[in-house]
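Read off the chains here:
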Amino acid sequence: MANLGIPANTIDILQKYHFNFQKKFGQNFLIDTKVLERIIEASDISKDDCVLEIGPGIGTMTQYLAEKAGEVIAVEIDKALIPILEDTLKEYDNVTVINNDILKVDINKIVNEKNNGQPIKVVANLPYYITTPIIMGLFESHVPLKSITVMVQKEVADRMQVGPGTKDYGALSLAVQYYAKPEVVANVPPNCFIPRPNVGSAVIRLTRYEKPPVMAEDEHFMFSLIRASFNQRRKTLINGLLNAGLGLSKENIIHALESMQLSLTIRGEALTLEQFAKLSNLLKKE
Ligand code: SAM
């Protein structure tokens, strides 16, 4: 099968199947072999790996993954792409295509069935409209995984990496940094896709920590505090937490902040991951 990373080959397939791009599915197909090679290199796949690809499109990256990995599972929502994938992936016997919405699929069940519950690697050129729920879903449902190597909107890649004191810092930064080590491996301009997206893109690799870098006694509670603080970014941390309906008393929050030697007018956006973990441990105790 011809390499679909070469633009002329992608255009041939799109014409052969009279494919119409669906904007609502965030369809921007990669047409740059250098970028594809960079993603494959960064994801560090071998024949020992089982890979989950989210949104294979016409199978461009799937072909590269199938060459390198032991097993590839590709979940694609658009049923118009299924006959195309049957054609473009027909030479590979190690690829399973599932026609479903990734947000509705039980990924843990797939990992159990396909990889005996052993950690998988996720590699994808993500549909940008659901980047955050996909990444958070993978982490929060504790899918066994080694790493996630994904193309995302440049701005989202920035958000995943930053710390307090920047405008991009938020719940996504803290969640990603609690579960994984983020590293941008490539910046990708719009002309590497068909059709061209109207934003810049970046490939980010998230390497899952075996143990989180901070100790939160109740991870779920810590993330409730984090979400509450950033939902009301302009409010003080005290007011943000009081308004969140978490059943916390003002007295207890003040007590916790004082014991951490933090100002009572501090905003949530000034706290580090370590401070959120400490705060959640203190408030849990109270
Ligand atoms: N992997 C292909 C490539 O690199 O050329 C396509 C990437 S394109 C940015 C995103 C893909 O995700 C599209 O094929 C789109 O149909 C698919 N997609 C969108 N929403 C999805 C969802 N909820 N579940 C599974 N796939 C989805």
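For clarity, every value in this text was computed on a predicted model and none was experimentally measured. (Residues numbered from 1 in each chain as written. Predicted model: local features only at pLDDT ≥ 70, side-chain atom pairs only at ≥ 80, totals over all residues. Heavy atoms only, no water.)

**Q** I'm lost on the overall build of the chain in this one. Help?
**A** Scanning the chain for helices and strands turns up 12 helices and nine strands. Against the 2.2 N^0.38 benchmark of 19 Å for 286 residues, the chain shows a C-alpha radius of gyration of 21 Å, consistent with a compact globule. With respect to the three principal axes, the spread of C-alpha positions in the chain is 65 × 40 × 30 Å. A burial count over the chain gives 51% of its 286 residues as buried. Accessible surface, the chain as shown: approximately 13600 Å² in total, 48% of it carbon and sulfur. Distance between charge centroids for the chain: 5 Å, based on 31 positive and 33 negative side chains. (Helix = DSSP H or I, 4+ residues; strand = E, 2+ residues; numbered from the N terminus. Rg over C-alpha atoms; globule rule 2.2 N^0.38 Å. Buried < 20%, exposed > 50% of the residue type's maximum accessible area, 1.4 Å probe, protein only. Areas by Shrake-Rupley, 256 points an atom, 1.4 Å probe, with all protein chains shown as cover. Lys, Arg positive; Asp, Glu negative; His and termini not counted. Charge placed at Lys NZ, Arg CZ, Asp CG, Glu CD.)

**Q** Just to check I follow, could you spell out the pattern of salt bridges for this structure?
**A** Think of it this way: side chains of opposite charge can pair up when their charged atoms draw near. Applying the stated criterion across every chain yields a total of 13 salt bridges. With its nearest N and O atoms 3.0 Å apart, the salt bridge here joins D49 to K146. Remark: K146 occurs in strand β6 (residues 145-153) and D49 occurs in the loop between α2 (33-43) and β2 (50-54); sequence separation between them is 97 residues. A relative accessible area of 37% places K146 in the partly exposed class. Note that R267 is salt-bridged to E269, the shortest N-O span being 3.9 Å. On the basis of relative accessible area, E269 is assigned to the partly exposed category, the value being 25%. Overlapping salt bridges bring together K16, D87 and K90 as one network. (Salt bridge = Lys/Arg side-chain N within 4 Å of Asp/Glu carboxyl O.)

**Q** Would you mind going over the site of the ligand with me for this structure?
**A** Contacts to the ligand come from 23 residues, most closely from G55, E76, D101, N125 and Y129. Here an oxygen atom of the ligand sits 3.3 Å away from a polar atom, N or O, in the main chain of G57. In the model, an oxygen atom of the ligand is placed 2.6 Å from a nitrogen or oxygen of the E76 side chain. Mapped by element, the contributors of at least two residues to the shell around the ligand are β1 (29-30) and β3 (71-76). Residues that form the shell around the ligand fall into these classes: 12 nonpolar, seven polar and four charged. (Near = heavy atom within 4 Å. Polar contact = N/O pair within 3.5 Å; in protein donor to acceptor, adjacent residues only side chain to side chain. Nonpolar A, V, L, I, M, F, W, Y, C, P; charged D, E, K, R; others polar.)

**Q** Please explain helix α7 (residues 154-161) as it appears in this structure.
**A** It helps to recall that an α-helix has 3.6 residues per turn; residues three or four apart then point in one direction. Looking at α7, one finds that the buried residues are V156, A157 and M160. Along α7, the residues classed as buried sweep out an arc of 105° about the axis, all on the same side. Looking at the packing, one finds that the buried side of α7 touches α6 (131-140), β6, α8 (171-179), β7 (180-188) and β9 (201-208). (Arc of directions from axis to C-beta. Contact = heavy atoms within 4.5 Å.)

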